[in-house]
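These are the residues of each chain, in order.
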Amino acid sequence: MSGFPSFNYRNARLCGESVPLERIAQEFGTPCYVYSRAALVAAYEEFDAAFAGRDHLVCYAVKANSNLAILNLFARLGSGFDIVSGGELQRVLKAGGDPQKTVFSGVGKQPDEMRAALAADIFCFNVESEAELRVLNQVAGEMNKIAPVSLRVNPDVDAKTHPYISTGLKENKFGIPFDEAESLYAASKGLHNIRVTGLDCHIGSQLTDLGPFAEASEKMLGLLDRLENQGLQIDHVDLGGGLGIRYTGENPPRAREYVEALCAGIGPRKQRILIEPGRALVGNAGVLLTRVEYLKHTSHRNFAIADAAMNDLMRPALYDAYHEILPVHVRDDGSVKTYQVVGPVCETGDFLGHDRNLALSQGDLLAIMSAGAYGMSMSSNYNTRPRAAEVMVDGDQVHLIRERESVAQLMAGETILP
Ligand code: LLP
């Protein structure tokens with residue numbers, strides 16, 4: 001067993017569903033992201049079922065992985081979407097996503113992004129400041145539209161996660177300060193092209209403890225009651241995303257426990273509940289497949305130099321994140337050494353994993369696990385490295401869902417001075 005559902009060993013060879021990853025490397029080359037359709041569907045269905053009979057909408061956070069095939073798969077399952085840019089809106093529409101199930105988050109929405117979202121009739125704008133609310137009111141007015149709005153409130157809850165991905169503390173740039181929310185909601189009544197429909201928060205990412213979620217939910221429900229007493233009609237409460245996954249030793253709650261913690265205090269309230277999971281839907285449904293180009297043994301250390309790098313998977317370099325690294329073909333003969341698994345990029349920060357015990361030969365394939373979320377979507381072209389191919393396995397089938405980029409594509413928009 002690999003410990004990762006949908007990626008398991010068969011005869012000592014790591015497979016995505018029924019497809020040996022070796023076959024994918026031969027056919028599509030490396031580095032290559034490999035996703036499992038079954039794992040994506042199972043993750044979505046677990047969240048959806050967790051709400052039992054309650055009115056709800058799961059809005060997949062597109063930023064976690066925005067490949068059209070993945071968006072389309074979730075759209076087919078009935079998912080909504082949480083977008084943070086006009087680009088993500090275009091992806092959702094192109095993938096067949098329903099704008100009426102789409103919420104638009106983010107601190108810096110631009111007027112043309114607002115216009116596109118209003119034209120598409122999205123479900124709700126999650127507005128993060130008074131200034132943004134006023135611009136949205138103006139843009140909607142110019143279009144003769146009424147913008148449906150939730151204010152994203154910052155509940156000042158410590159998510160106890162990596163500081164770079166913690167968003168719900170009052171020192172973070174996100175949301176409207178908790179103690180200013182009521183007055184801004186009241187002020188919104190004077191903005192004629194805004195219709196307040198909901199209430200929103202998001203406290204951080206990769207949370208493995210339910211406490212902060214429960215605390216935020218309780219604060220939001222208290223606020224909800226006060227807003228209703230003000231005479232506002234609030235139809236939905238969006239409690240954001242953030243449920244963590246297992247990268248190595250973590251033991252995150254299941255979707256059901258998470259939803260129970262969010263909904264524990266709701267009681268007889270009838271509002272629709274929205275959540276915006278990203279990582280928990282796609283993280284463990286994907287791996288990054290890479291080949292060991294060279295082994296380099298120095299008196300100090302053993303390096304395995306892979307063909308994937310920080311530009312393909314930025315999380316280790318950026319957050320010192322840990323991803324399991326598994327051999328695609330387990331051999332009993334090789335001698336295990338402790339390796340620094342690194343990429344070819346010219347930075348010491350370019351590593352995929354430190355101090356990994358592996359039996360390796362030149363040319364071996366490795367799978368960087370739990371790479372489905374914030375892997376491809378955060379990749380770059382640093383060192384003029386074309387971005388990896390992406391494939392989806394489905395039973396014994398493999399589908400290319402994004403071609404490997406070419407250097408010509410990278411240079412296409414550039415011109416030399418006359
Ligand atoms: N909703 C909002 C408003 C968000 O900002 C985010 C993530 C989510 C939902 C989805 O959170 P999730 O369920 O995926 O935790 N690049 C980082 C993660 C950044 C998360 C940013 N916001 C990483 O690789 O760990």
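Sequence order as written defines the numbering, with residues in each chain counted from 1. Side-chain atom pairs in this predicted model are given and counted only at pLDDT of 80 or more, local residue features only at pLDDT of at least 70, and totals for whole chains, interfaces and linings cover all residues. Side-chain numbers here rest on the full set of heavy atoms in the structure, without hydrogens or water.

## Structural notes on the overall build of the protein chain
So, step 1. The way it works is that DSSP assigns letters per residue, a run of H or I at least four long becomes a helix, a run of E at least two long becomes a strand, and they are numbered from the N terminus. Scanning the protein chain from terminus to terminus reveals 12 helices and 21 strands.
So, step 2. Against the globule reference of 22 Å for 418 residues, the protein chain gives a C-alpha radius of gyration of 23 Å, in line with a compact fold.
So, step 3. By its C-alpha atoms, the protein chain is 70 × 60 × 40 Å across when sized along the principal axes.
So, step 4. We call two residues in contact whenever any of their non-hydrogen atoms come within 4.5 Å of each other. Residue pairs at least 24 apart in sequence account for 69% of intrachain contacts in the protein chain once pairs closer than 6 positions are excluded.
So, step 5. Working convention for charge: Lys and Arg count positive, Asp and Glu count negative, and His plus the chain ends are omitted. Here the site of a charge means NZ on Lys, CZ on Arg, CG on Asp, or CD on Glu. The protein chain carries 40 positive and 52 negative side-chain charges, and their two centres are separated by 2 Å. C-alpha atoms define the radius of gyration in this analysis, and the globule rule sets the expected value at 2.2 Å times the number of residues to the power 0.38.

## Considerations on a negative patch on the surface
So, step 1. Nonpolar side chains (Val, Leu, Ile, Met, Phe, Trp, Tyr) within 5 Å and like charges within 9 Å form the patches, drawn only from residues with over 30% relative accessible area and no salt bridge. Accessibility throughout is a Shrake-Rupley quantity obtained with a 1.4 Å probe, and a residue counts as covered only by protein chains that appear here. Each reported salt bridge corresponds to a side-chain nitrogen of Lys or Arg within 4 Å of a carboxyl oxygen of Asp or Glu. A cluster of like negative charges, contributed by Asp 158, Glu 171, Glu 215 and Glu 218, occupies part of the molecular surface.
So, step 2. If you trace the backbone, Glu 218 turns up in helix α8 (residues 211-229).

## Considering unusual backbone geometry
Leaving glycine aside, a negative phi is the common case for residues, and trans is the common case for peptide bonds.
So, step 1. Residue Pro 31 is bonded to the preceding Thr 30 through a cis peptide linkage, with omega at -10 degrees.
So, step 2. Within the secondary structure layout, Pro 31 lies in the loop between α1 (21-28) and β4 (32-36).
So, step 3. The backbone phi angle of Asp 156 is positive, close to 55 degrees, even though this residue is not glycine.
So, step 4. One non-glycine residue, Tyr 374, adopts positive backbone phi at about 60 degrees.

## Comments concerning the packing of aromatic side chains
So, step 1. Here a Phe, Tyr or Trp ring, Trp counted by its six-membered ring, pairs with any other such ring whose centre lies within 6.5 Å, and the pair is stacked when the planes are under 30 degrees apart, edge-to-face when over 60, and tilted otherwise. Within this structure, the stated rule accounts for six aromatic pairs.
So, step 2. Measuring from ring centre to ring centre gives 6.1 Å for Tyr 44 and Phe 74, while their planes differ by 40 degrees; the resulting arrangement is tilted. A residue pair is termed long-range when its members are at least 10 positions apart, and Tyr 44 in helix α2 (residues 37-50) and Phe 74 in helix α3 (residues 68-77) qualify at 30 residues. Each member of the pair, Tyr 44 as well as Phe 74, carries the same accessibility label: buried.
So, step 3. Between Tyr 60 and Phe 74, the aromatic rings sit 4.7 Å apart at their centres with planes inclined by 50 degrees, giving tilted as the arrangement. Here Phe 74 lies in helix α3 and Tyr 60 lies in strand β5 (residues 56-61), a separation of 14 residues in the sequence. Only protein chains enter the accessibility calculation, which uses a 1.4 Å probe; a residue is then buried when its area is under 20% of its type maximum, exposed when over 50%, and partly exposed in between.

## Overview of helix α9 (residues 255-263)
So, step 1. Taken together, the buried positions of α9 are occupied by Ala 255, Tyr 258, Val 259, Ala 261, Leu 262 and Cys 263.
So, step 2. Looking at the buried positions of α9, the neighbouring elements they touch are α2, α8 and β13 (272-275).

## Remarks on the side chain of Ser 205
So, step 1. Topologically, Ser 205 is positioned in the loop between β11 (194-200) and α8.
So, step 2. Residue Ser 205 is classed as buried on the basis of its relative accessible area of 12%.
So, step 3. Nitrogen and oxygen atoms within 3.5 Å of one another constitute a polar contact, given that in protein one can donate a hydrogen and the other can accept it, and given that sequence-neighbouring residues count only through two side-chain atoms. Side chain to side chain, Ser 205 and Arg 279 meet in a polar contact 2.7 Å long.

## A short note on the domain arrangement of the protein chain
So, step 1. Delimitation of the domains relies on an automatic or database domain assignment. Domain boundaries in the protein chain define domain 1 (7-36 + 283-411) and domain 2 (105-277).
So, step 2. One C-alpha centre belongs to domain 1, the other to domain 2, and the line joining them spans 36 Å.
So, step 3. Residue-level contacts link nine residues of domain 1 with seven residues of domain 2.
So, step 4. Here the quantity called buried area is the total loss of accessible area, with a 1.4 Å probe, experienced by two parts when brought into contact, counted for both. For the pair domain 1 and domain 2, the summed buried surface comes to about 790 Å²; carbon and sulfur atoms form 55% of the total.
So, step 5. When residues are grouped by polarity, Ala, Val, Leu, Ile, Met, Phe, Trp, Tyr, Cys and Pro land in nonpolar, Asp, Glu, Lys and Arg in charged, and all others, Gly among them, in polar. Counted by class, the side of domain 1 that touches domain 2 contains three nonpolar, four polar and two charged residues.

## Details of the nonpolar core
Grouped burial of nonpolar side chains is what soluble globular proteins tend to show.
So, step 1. One finds Tyr 60 and Phe 125 to be the most contacted residues of the largest nonpolar core, which totals 100 residues.
So, step 2. Two domains each provide a minimum of three residues to this core, namely domain 1 (7-36 + 283-411) and domain 2 (105-277).
So, step 3. Definition of nonpolar core: a set of buried residues of the types Ala, Val, Leu, Ile, Met, Phe, Trp, Tyr and Cys, connected through side-chain atoms within 4.5 Å. If you look at the next biggest cluster of nonpolar residues, it comprises 21 residues, including Leu 21, Cys 32, Ala 389 and Val 393.

## Side note on the packing of helix α7 (residues 181-188) against α8
So, step 1. For the pair α7 and α8, the least separation of the axes is 11 Å and the interaxial angle reads 35 degrees. Note that α7 runs across α8; the crossing there is right-handed. Side by side, α7 and α8 meet where Ala 181, Glu 182 and Tyr 185 of the first sit next to Leu 223, Arg 226 and Leu 227 of the second.
So, step 2. For the contact of α7 with α8, the per-class residue count stands at four nonpolar, no polar and two charged. Where helices are involved, their axes are fitted lines through C-alpha atoms of the stretch in contact, as for all axes, and angles between N-to-C directions lie from 0 to 180°. The sense of a crossing depends on the near helix, which, turned anticlockwise from the far helix by less than a right angle, makes the crossing left-handed and, turned clockwise, makes it right-handed.

## Points about the sheet that holds strand β3 (residues 19-20)
So, step 1. Read from one edge of the open sheet, three strands run β1-β2-β3, paired in antiparallel fashion. Each having just a single partner strand, β1 (7-10) and β3 make up the two edges of the open sheet. Two strands are said to pair when DSSP picks up at least two bridges between them.

## What to know about the site of the ligand
So, step 1. Only heavy atoms are used to decide nearness, and a residue is near a molecule or strand if one of them lies within 4 Å of it. With respect to spatial proximity, 19 residues lie near the ligand, and among them Ser 205, Glu 276, Arg 315, Tyr 319 and Tyr 374 are the closest.
So, step 2. At a separation of 3.3 Å, an oxygen atom of the ligand approaches a polar side-chain atom of Lys 63.
So, step 3. Asp 82 is positioned with one of its side-chain polar atoms (N or O) 3.2 Å from a nitrogen atom of the ligand.
So, step 4. Computed on the free molecule, the ligand has an accessible area of 590 Å², of which 92% lies beneath the protein chains in the complex.

## Topic: the pattern of salt bridges
So, step 1. Per the stated rule, a full pass over the model turns up 16 salt bridges.
So, step 2. Two residues, Asp 82 and Lys 63, come together in a salt bridge whose shortest N-O distance is 3.9 Å. Placement of Asp 82 in strand β6 (residues 80-83) and of Lys 63 in the loop between β5 and α3 is noted, with a sequence separation of 19 residues between them.
So, step 3. Judged by its relative accessible area of 2%, Asp 82 is buried.
So, step 4. The closest approach of N and O atoms between Arg 226 and Glu 182, which form a salt bridge, is 3.0 Å. A residue pair is termed long-range when its members are at least 10 positions apart, and Arg 226 in helix α8 and Glu 182 in helix α7 qualify at 44 residues.
So, step 5. Judged by its relative accessible area of 34%, Arg 226 falls in the partly exposed class.
So, step 6. Overall, the relative accessible area of 28% leaves Glu 182 in the partly exposed class.
So, step 7. Overlapping salt bridges, with partners in common, bring together Arg 387, Arg 402 and Glu 405 in one network.

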